[in-house]
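What follows is the residue order along each chain.
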Amino acid sequence: MTIRFAVRLATALATVAALLLSGSPTAHAGAAGSTPVQTFEYSVGGMTMKIPTGCMFTHIIRGSGKKISYQNAGVDCAFVGALSSGFCNWRIDFTYADTGNRTYRTSRGRTHSECKIDPMRNNSPQTLPRYGKACARLFVSGVQRASQCHHITK
C-alpha cells in the first residue's frame with residue numbers, strides 16, 4: 001500500500017467519522033460511498049492501457065436539505081491497481097436528478113489529458129432546485145467507467 005493511498009484513505013475515513021459523530025444543533029447531512037472501478041483496457045496514442053483491479057471511485061457529499069456545502073469525487077488505487085500507469089483522458093462529472101430519476105443538471109468536468117493514478121475533482125457549493133439524487137461519474141477517453149450516487153431527501 002502506498003503512503004499516498006494510506007493518507008487519502010485515512011482522510012476519507014476521518015471525514016466519514018467526523019460526519020457521523022458531529023453533534024450539531026442544526027440538521028446537517030453527509031454521505032460517503034465507494035464503488036469498485038471494473039478492470040478495463042483503452043487506447044491512448046496507439047498504446048493499450050489497462051486498469052487492473054484494486055481501484056475504488058469515491059463520492060463524498062455534505063450539506064443540509066437541498067443545499068450542498070461540499071462535494072468531492074475521486075479514485076484511489078491499491079495493490080496491483082496502484083502499479084498501473086493510471087487514468088488518461090479522464091474527467092469527473094456531477095449529475096443531479098429529481099425523484100423521478102430525470103437528470104436536470106450536469107456539472108461537466110474538464111477532460112485531463114495527463115495520466116493520473118488518483119484523479120479527483122471538487123464541485124462548488126450549490127442549492128438544488130429539487131430533491132432526488134446527486135451522482136459522480138468517472139469517464140476515461142469519453143466512456144463512463146464508474147458512478148456513485150447519494151439520495152438527497154427531506
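Residues numbered from 1 in each chain as written. Predicted model: local features only at pLDDT ≥ 70, side-chain atom pairs only at ≥ 80, totals over all residues. Heavy atoms only, no water.

Draft legend 1. The arrangement of the overall build of the chain in detail. For the chain, the count of helices and strands is one helix and 11 strands. Relative to its 154 residues, the chain shows a buried fraction of 41%. By sequence separation, contacts in the chain at least 24 residues apart represent 62% of the contacts at least 6 residues apart. Summed over all atoms, the accessible surface of the chain reaches about 8,500 Å², with 56% contributed by carbon and sulfur. (Helix = DSSP H or I, 4+ residues; strand = E, 2+ residues; numbered from the N terminus. Buried < 20%, exposed > 50% of the residue type's maximum accessible area, 1.4 Å probe, protein only. Contact = heavy atoms within 4.5 Å. Areas by Shrake-Rupley, 256 points an atom, 1.4 Å probe, with all protein chains shown as cover.)

Draft legend 2. Layout of unusual backbone geometry. The phi angle at N101 is positive, at roughly 65 degrees, despite the residue not being glycine. In this fold, N101 is placed in the loop between β6 (90–98) and β7 (103–107). A positive phi is found at S141, a non-glycine position, where the angle reads about 50 degrees. For S141, the position within the fold is in the loop between β10 (132–140) and β11 (143–152). For S141, a relative accessible area of 34% corresponds to the partly exposed category.

Draft legend 3. The arrangement of the packing of aromatic side chains in detail. Summed over all chains, the structure comprises two aromatic pairs. When the centroid spacing of 6.4 Å and the interplanar angle of 40 degrees are considered together, the rings of F40 and F87 count as tilted. With a gap of 47 residues between them, F40 in strand β2 (residues 40–44) and F87 in the loop between β5 (67–77) and β6 connect regions that are remote in the sequence. Each member of the pair, F40 together with F87, is buried. Through pairs of rings, three or more aromatic residues link up here, namely F40, Y42 and F87. Directly above the aromatic system of Y70 lies the positively charged group of R62, at a separation of 4.1 Å from the ring centroid. If you follow R130 out to its NZ or CZ, it ends over the ring of Y104, 4.4 Å from the centre. (Phe/Tyr/Trp six-rings, centres within 6.5 Å; stacked < 30°, edge-to-face > 60°. Lys NZ or Arg CZ within 6 Å of the ring centre and 35° of its normal.)

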